[in-house]
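Remarks on the overall topology
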Amino acid sequence: MRQVKKASRTGVRTAPKKKGSKIAPGKRRNASAMSTFGRRKERPAGPLMQWIDNVREGNFGTRPFAWSALVLLGLVAIYGFAVGGHAQAMRDAAVAKTNQALALSGFSIQDVRVTGRAQTRKDDLLVAVGVERGDPIFGFDTEAARQRIERLGWVRSATVTRLLPDTIRIEVVEREPFALWQRGGELSLIDAEGRPITDEGVQDFAHLPFIVGFGAPREAPVLLKMMRAEQPQLLARVRAFVRVGDRRWNLRLENGVDVKLPEAGVEAALAELRDYDTQYKILSRDIVAVDLRLPDRVSVELTESAAADGGIATEAKMKQGVARPGGPARGGNT
């Protein structure tokens, strides 16, 4: 509060004298005092920086380690929960409950429709599908069902789909029977790729080519395809294709004659056999086998009766064998 001294008797008031400045006239204030004028105070260090400073000074607080231990324990608990299968079990249970609720709402399997089935037995197919009437349609695993169906012998491929709200549709593509395969004492039906189809009911396919020996299913399709294109008349007379040592073929004709084919050049050998048969009718004569394995001749093995009678009387060449052009003839058994 400003002090005002009483005036003199004349009534005039005089203002108080100002205090004198400590700074002499003509001199500036202290520069250091002026440099801090108007600046904000520095902010205090945050918790992290304080903790780092404490670590540097060797003053370790226990709170960060306590929080780290809690986080580690939580991660261990979550890992054990997942590895132990509890999370998956809870998820599966929730999905099953949802599917059951949807089934009660009308989304349940009431019908299974199958197309393309001819040889596959219905009972085997239904077992492979693995569903019952009333099962939740959204709980049906179409991919697993497809894999089970394709394990059936007759099935080449299958497609399984849902037709909402209550139908399962199965489209089946079956294998085409190609030949009967005998190895040892077993007989199987195989497809054109040489894969066994079934061992049951093979008697219903007696009209198919008959192949014998290990390795025969793998090589037979090539030979049969060639003979269908080049030798259809000879193919019609073949009763069995016998694989010898998994290297070459013998053809057993319907009259019991064996045609011994070479390992290589089979097509040329069969063409030559056709020409000789057209000229000499050797496949219809009293012989046991025709050997085409040698590159320069066709050798004929006579039956015992024909050999006793001096060979095939109607063709003198047949007594000693039929020579290929450019090579000598050779008779006798081979």
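Attention in this report is confined to the structure presented alongside it. Since we're looking at a predicted model, the values are computed, not measured.

Section: the environment of tryptophan 249
- Its place among the elements puts tryptophan 249 in strand E9 (residues 248-253).
- Under the relative-accessibility criterion, tryptophan 249 is labelled buried at 6%.
- Sequence spacing of tryptophan 249 and glutamate 219 is 30 residues, and the spatial spacing of their C-alpha atoms is 9.5 Å.
- Once residues within four sequence positions are removed from consideration, tryptophan 249 is found in contact with Ala216, Glu219, Ala220, Leu223, Phe241, Val242, Arg243, Val259, Lys260 and Leu261.

Notes on the sheet that holds strand E1 (residues 111-115)
- Taking strand neighbours across the sheet as the criterion, the 3 strands line up as E1-E3-E2 in an open arrangement whose pairing is mixed. At either end of the open sheet lies a strand with only one pairing partner, and these are E1 and strand E2 (155-163). Within the sheet, the average angular offset between the axes of one strand and its neighbour, ignoring direction, is 20°.
- Contacts between helix H6 (residues 142-150) and the sheet are confined to E2 and strand E3 (167-174), with E2 contributing the most and set at about 155° to the helix.

With respect to the nonpolar core
- Met227 and Phe241 are the most contacted members of the largest nonpolar core, which has 35 residues in total.
- Looking at this core, the elements that each hand over two or more residues are strand E4 (177-183), helix H7 (216-230), helix H8 (232-237), strand E8 (238-244), E9, helix H9 (266-280), strand E11 (287-291) and strand E12 (297-302).
- If we ignore the near neighbours within four places in the chain, the residues touching methionine 227 are Pro232, Leu234, Leu235, Val238, Phe241, Leu251 and Leu270.
- Core analysis: the second largest hydrophobic core is formed by 15 residues, Ile109, Ala128, Ile149 and Leu152 among them.

Some remarks on the packing of aromatic side chains
- Under the counting rule described, the total for this entry stands at 3 aromatic pairs.
- The interplanar angle of 90° and the centroid separation of 6.5 Å between the aromatic rings of phenylalanine 241 and tryptophan 249 together place this pair among those described as edge-to-face.
- Here tyrosine 276 and tyrosine 280 contribute two aromatic rings whose centre-to-centre distance is 6.1 Å and whose plane-to-plane angle is 20°, an arrangement assigned as stacked. Placement of both tyrosine 276 and tyrosine 280 in helix H9 is noted, with a separation of 4 residues, approximately one turn of the helix. With respect to burial, tyrosine 276 and tyrosine 280 carry one shared label: buried.
- We note arginine 183 situated over the ring of tryptophan 181; from NZ or CZ to the ring centre the distance is 4.2 Å.

What counts, and where the lines are drawn
Per chain, the residues get numbers from 1 upward, laid out in the order the sequence is written. Only residues with pLDDT of at least 70 get local features here, since the model is predicted, and only at 80 or more are side-chain atom pairs given and counted; chain-wide, interface and lining totals rely on the full set of residues. Side-chain measures were taken over the full set of non-hydrogen atoms in the model, leaving aside hydrogen atoms and water. A run of H or I in DSSP counts as a helix once it spans at least four residues, and a run of E counts as a strand once it spans at least two, with each numbered from the N terminus. Residue burial is assigned from relative accessible area. The probe radius is 1.4 Å, only protein chains are included, and a residue is buried under 20% of its type maximum, exposed over 50%, and partly exposed in between. In this description, contact between two residues means that some pair of their heavy atoms is separated by no more than 4.5 Å. Paired strands are those between which DSSP finds at least two bridges. Lines fitted to C-alpha atoms define the axes here, with helix axes fitted over just the stretch in contact, and angles between the N-to-C directions of these axes take values from 0 to 180 degrees. Buried residues of nine kinds, namely Ala, Val, Leu, Ile, Met, Phe, Trp, Tyr and Cys, make up a nonpolar core once their side-chain atoms join them within 4.5 Å. Here the aromatic set is Phe, Tyr and Trp, taking the six-membered ring for Trp, and pairing holds for ring centres within 6.5 Å; pairs whose planes are under 30 degrees apart are stacked, those over 60 apart are edge-to-face, and all others are tilted. Should the NZ of a Lys or the CZ of an Arg lie within 6 Å of a ring centre and within 35 degrees of the ring normal, that charge is described as sitting over the ring.

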